[in-house]
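# Tertiary structure, described
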Amino acid sequence: MKVSYNWLSRYLSEMPSPQDAADKLTLTGLEVEEVGQTGSQFDGIVVGDVLDVQPHPDADRLVVCLVDIGQDEPSQIVCGAPNVAAGQKVPVATVGSVLPVPGPDGSPFKIRKAKIRGQKSAGMICAEDELGLSDDHSGIMVLDGRHAPGTPFGDVAGTSRDFVFEIGLTPNRPDATCHLGVARDLAAVTGAALMKPLDNLPEVAGKLDEGTIRITDPDKCHRYVGIVVQGVTVGESPQWLKQLLTAIGLRPLNNVVDITNFVLHELGQPLHAFDLHKLANGRIDVRSYPEDRKFTTLDEVGRTVPAGSLFICDGEKPVALAGVMGGLNSEISEETTDLLIESAWFEPVGIRKTSRNLALQTDSSYRFERGVDPSMTRDAALRCAELILELCGGTIGGISDVHPVKTAPLSVPLRYDRLNTVLGTKIGPDTVTGILNRLEFATETESADPLTWNCTVPTFRPDVTTEIDLIEEVARIYDYNNIPDPERISIANPEPVPFGEQFREKVRQAAVGAGLKEIYTNSLLPERFLDALGGPSVVVPTLNPITRDQALLRTQLLYGFLRSAAYNFNRGAAGVRFFEIGNIFRRQKEGGSWIEGIHEDTHLHLGIAGNTHTDHWKVPARGFDLFDIKAMVESVLIRLGIMDQTRWKESGEQLALVAAGSDSTDDVIGTLFRVGEEWKKHTEVEVDAWSAELSIGQLEKLARSASDKVYRPVSRFPSFEFDLALVVEKQVAAGDLVSGMQRAAGPQLVRVGVFDVFEGGTLEKHQKSIAFRLTFQDNAKTLTIKDVEPVIQKILKQLGSDHSAELRS
């Protein structure tokens, strides 16, 4: 949320410097993430008097102006604006000055002497957009004629320089969604007086007819205030109002709309102004419909609004989507003369649902979703009316305040001893009540011994409901840095960490040890990946997605890896090695992990893409391949101590990691594969990528069943190597042969490796030869060929039976 420093200063008797204000706000819990600067002090920009305007001799669209800027001699300035004329007072950027807005290339726009089509030009006559005052570039800015040439432009327009705080607002602080709320915290921590803009609100004697405003759904609208203002003139807003709105990123439209936006950001109460003559019968009805409704909002978009959504209706039809956006059929125009100002309290959950269903979040819905102050509804409407009378003219025709559901302030007791015990402080009672009173919590002594206050929580603080909340309020304003370090602390014996948590941390460390970097990605995926993720029978959708890009719960971790890889490649990375530990979600017919029908599991994803290293004069760049990702997976398994309990199995275009000795699909631990072109296309990855995804639940089962490590001394006897070449069908995997050898040979076979694969020659087309080197060793004696040969025969018999393997002659 953006907050203007100049705007804040309107409500404080004494304002700290911008950086000091940002630091103090952060310490109170309103974290200032960034301090930006807007506008200018208009150094070097002065008022000029256009003395003469002549056509440019060599350019049809340019004129040569003679301008008095308060110096000894008038300046000649070439200008291309269509509205420049002799006798005008205009803003002139003199030679050497820098415009508040950057040039086309983003660099500072410094004014220099120049020749334009052969004519000398010393300065620039400015339009409003060139001064950062608005987006208007239709012509030069023409000033009031009373200003003398050479007058600093900052004295005429007022300095537009401002500092803008970007505050990372948490959802529990609806009171801080406005400048007055932020100023309240700043006043509390600095001790400055808070000056509310509500002291001189207009008195309204007249009341609207009883039936003018009706609330049909009081459970969704607790309060609705309407004020009629007649005889207004819709036009341009004054400069001070446009500057404040522009500073926080709003585009000024007209004085009426700008005032409603101003009050929203001043008091936190969303408002809306209807053209009274566009309301059928001049009436308002707050209601919902049992069926979907078509409605066109102010942004000229036709929307299908779900049943149950709250509307503001006139005597015939909907005219606004309550709490979200007004309707095109009742908007303010230049012809508007009579207004109905709306200020209301709408139920937060309903507004949030409507906003999510329509994927339409506005400044109004942002505040209604969090809960606005029900006690501010009437005052905000009157504040809006006050500014409209001041800036647009007119008179107030009457007010109606319909309030079917009233909100009583909450009372919460606060024990003085408990506060100091929790904080470890000795804060005085007067300091405690002073802090709470500055935050507008009323305090009344409930008992003197022990000292206890009964605190009345203001209605703009729905987040404060218990004693510990009050203690936190005191602590954050008192300043956590003022809380002394304790002289001694007591440390309780920690609870033993469950095996599952220990194992996950061990997996994380194993992945780091394998050379990968950890990433965290969103568990919500775009709806266009529905089929790629398994289709409707597998994928779990979200009920109210924030956007279409966050509509599905992930069934695998691949998408997050690819998006992260694309992000890094776009910033010059040659290759990436990432891992992620996260949950996946799938539909299932019966049962469920936590919710019926939904299976949830924790997965480990390893992903590599691009090159293993950049080009080097000694070693050229090499792309990652299957063996790189396979080696990383095996490195993780070795570090987890379960490598010998797994084996690889070919499964179509993938490698499947399964439990050793099992062919059941239920025992598949994970898969390894090359990422397909469709996935790369949708995630903007243009290089080869490899992915391996393993179930941590399955890995944990293997780890639990693994026997404890036992020390085994190194054998004193030498090993015996035996080379064995086998002829098998081409589809037989070497890993299956190795597993068969190990089962047949027993503990004396300590190592098996492949050193050659041969096809062709005297072999049939469907055959291949694989050469293995078998290493035998015994702890009790030196093995000879006589000891090994029976084992070899046993191996050949086993492999012949399982895979029709033959000894190559």
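Here the structure is a predicted model, which is why all the values come from computation and not from measurement.

## Quick look at the overall build of the protein chain
Summing up its helical and strand segments, the protein chain has 19 helices and 37 strands in all. Taken against the 2.2 N^0.38 rule, which gives 28 Å for 809 residues, the C-alpha radius of gyration of the protein chain at 38 Å runs more than 25% over that of a compact globule. Here the protein chain, with 809 residues, has 47% of them falling under the buried criterion. Counting contacts in the protein chain only where the partners sit at least 6 residues apart, residues at least 24 apart contribute 68% of the total. A total of about 41,100 Å² of accessible surface is found on the protein chain, and carbon and sulfur atoms cover 48% of it. Between the centroid of the 82 positive side chains of the protein chain and the centroid of its 112 negative side chains there is a distance of 7 Å.

## Some words on the packing of aromatic side chains
According to the stated counting rule, one finds 13 aromatic pairs in the structure shown. On the numbers, 5.7 Å between centres and 70° between planes, the contact of Y289 with F311 is edge-to-face. Pair noted here: Y289 is in the loop between β14 (284-288) and β15 (293-296) and F311 is in strand β17 (residues 310-313), with a separation of 22 residues, a long-range link. A relative accessible area of 10% means that Y289 is categorised as buried. For F311, a relative accessible area of 1% translates into the label buried. Among the aromatic side chains, those forming a connected cluster through ring pairs are Y5, F163 and F165. For R571, the ring lying beneath its charged end belongs to Y567, and the centroid distance is 3.6 Å. A cation sits over an aromatic face here: R773 above F755, 4.7 Å from the ring centre.

## Describing the pairing of strand β33 (residues 689-695)
Buried residues dominate β33, accounting for seven of its seven residues. Of the two faces of β33, the one holding A689, S691, E693 and S695 and the one holding W690, A692 and L694 are both buried throughout. For strand β29 (residues 598-610) and β33, the ladder comprises seven bridges, and the chain directions are antiparallel. Paired with L604 across the two strands is L694, which belongs to β33.

## Remarks on helix α10 (residues 416-423)
Among all positions of α10, only Y416, L419, N420 and L423 are buried. Taken around the axis of α10, the buried residues stretch over an arc of 90°, which confines them to a single face. Elements that come into contact with the buried residues of α10 comprise β22 (410-415), α11 (429-438), β24 (451-457) and α12 (467-478). Following α10 by one or two positions, G424 has its phi on the positive side, about 70°.

## Quick look at the environment of L436
Summarising the element assignment, L436 is placed in helix α11. Residue classification places L436 among the buried residues on the basis of a relative accessible area of 0%. A C-alpha to C-alpha distance of 50 Å links L436 and V539, two positions 103 residues apart in sequence. Discounting chain neighbours no more than four positions away, the residues touching L436 are L414, F441, T443, C455, L470, E473 and V474.

## Quick word on the packing of helix α13 (residues 499-513) against helix α17 (residues 696-705)
Relative to each other, α13 and α17 sit at 110°, their axes nearing to 11 Å. Comparing the axis directions of α13 and α17 gives the class roughly perpendicular. For the pair α13 and α17, contact is made by F499, G500, F503, R504 and V507 and by I696, L699, E700, A703 and R704, respectively. When its residues are assigned to classes, the contact of α13 with α17 shows six nonpolar, one polar and three charged.

## Observations concerning the pattern of salt bridges
Applying the stated criterion across every chain yields a total of 41 salt bridges. Of the charged contacts, one joins R528 and D549 as a salt bridge, the two residues approaching to 3.5 Å between their closest N and O atoms. Here the residue R528 occupies a position in the loop between β26 (524-525) and β27 (552-553), and D549 occupies one in the loop between β26 and β27, the gap between them amounting to 21 residues. Residue R528 is classed as partly exposed on the basis of its relative accessible area of 48%. Using a relative accessible area of 45% as the deciding quantity, one classes D549 as partly exposed. In the salt-bridge network here, residues are joined through shared partners; they are R173, D175, D185, R461, D463, E473 and R476.

## What to know about the side chain of N255
Mapping N255 onto the fold places it in helix α6 (residues 255-267). By relative accessible area, which is 2% here, N255 ends up buried. Here N255 is in contact with T233, V234, G235, E236, S237, L391 and C392, once residues within four sequence places are set aside.

## What to know about the side chain of R647
Inspection of the secondary structure puts R647 in strand β30 (residues 646-651). On the basis of relative accessibility, which here comes to 14%, the residue R647 falls in the buried class. Separated by 3.1 Å, the side chains of R647 and D736 make a polar contact.

## Brief notes about the environment of G139
Relative to the assigned elements, G139 resides in the loop between β9 (124-125) and α3 (153-157). Residues G139 and D129, ten residues apart in the sequence, show an inter-C-alpha distance of 9.7 Å. Contact partners of G139, with chain neighbours within four places excluded, come to A81, P82, N83 and A127.

## Description of the nonpolar core
F165, V182, I227, I259, F262, V263 and I388 are the most contacted members of the largest nonpolar core, which has 58 residues in total. When residues in this core are grouped by element, the largest group, eight residues, is from helix α9 (residues 377-392). Residues in contact with I227, not counting those within four places in the same chain, are L339, L340, I341, A381, L382, A385, I396, G398 and I399. In terms of nonpolar packing, the next biggest core, distinct from the first, is built from 33 residues, I215, I284, F295 and A320 among them.

## Notes on the packing of helix α18 (residues 734-745) against helix α19 (residues 785-803)
Where α18 contacts α19, the two axes come as close as 9 Å, and the packing angle between them is 135°. Judged by the inter-axis angle, α18 sits oblique to α19. For the pair α18 and α19, the sense of crossing is right-handed. Residues D736, L737, G740, M741, R743, A744 and A745 of α18 form the contact with α19, whose own contacting residues are V791, K794, I795, Q798, L799, D802 and H803.

## Some words on unusual backbone geometry
Cis geometry is found at the peptide bond from D449 to P450, where omega equals -5°. With respect to the element layout, P450 can be found in the loop between β23 (442-448) and β24. Even without being glycine, D479 reaches a positive phi, approximately 90°. With respect to the helices and strands, the residue D479 is situated in the loop between α12 and α13.

## Examining α18
With twelve residues, α18 extends 16 Å from end C-alpha to end C-alpha; this agrees with the ideal 16 Å at 1.5 Å per step. Taken together, the buried positions of α18 are occupied by L737, V738, S739, G740, M741, A744 and A745. Where α18 is buried, its residues contact β30, β34 (720-729), β35 (749-758), β36 (767-776) and α19. Of the residues one or two after α18, G746 is the one with positive phi, at around 85°.

Calculation notes
Residues numbered from 1 in each chain as written. Predicted model: local features only at pLDDT ≥ 70, side-chain atom pairs only at ≥ 80, totals over all residues. Heavy atoms only, no water. Helix = DSSP H or I, 4+ residues; strand = E, 2+ residues; numbered from the N terminus. Rg over C-alpha atoms; globule rule 2.2 N^0.38 Å. Buried < 20%, exposed > 50% of the residue type's maximum accessible area, 1.4 Å probe, protein only. Contact = heavy atoms within 4.5 Å. Areas by Shrake-Rupley, 256 points an atom, 1.4 Å probe, with all protein chains shown as cover. Lys, Arg positive; Asp, Glu negative; His and termini not counted. Charge placed at Lys NZ, Arg CZ, Asp CG, Glu CD. Phe/Tyr/Trp six-rings, centres within 6.5 Å; stacked < 30°, edge-to-face > 60°. Lys NZ or Arg CZ within 6 Å of the ring centre and 35° of its normal. Pairing = 2+ DSSP bridges. Arc of directions from axis to C-beta. Axes fitted to C-alpha atoms, helices over the stretch in contact; angles between N-to-C directions. Parallel < 35°, antiparallel > 145°, perpendicular 65-115°, else oblique. Nonpolar A, V, L, I, M, F, W, Y, C, P; charged D, E, K, R; others polar. Salt bridge = Lys/Arg side-chain N within 4 Å of Asp/Glu carboxyl O. Polar contact = N/O pair within 3.5 Å; in protein donor to acceptor, adjacent residues only side chain to side chain. Core = buried A, V, L, I, M, F, W, Y, C linked by side-chain atoms within 4.5 Å. Left-handed = near helix turned anticlockwise from the far one by under 90°. Expected span 1.5 Å × (residues − 1).

These figures capture arrangement, not role.
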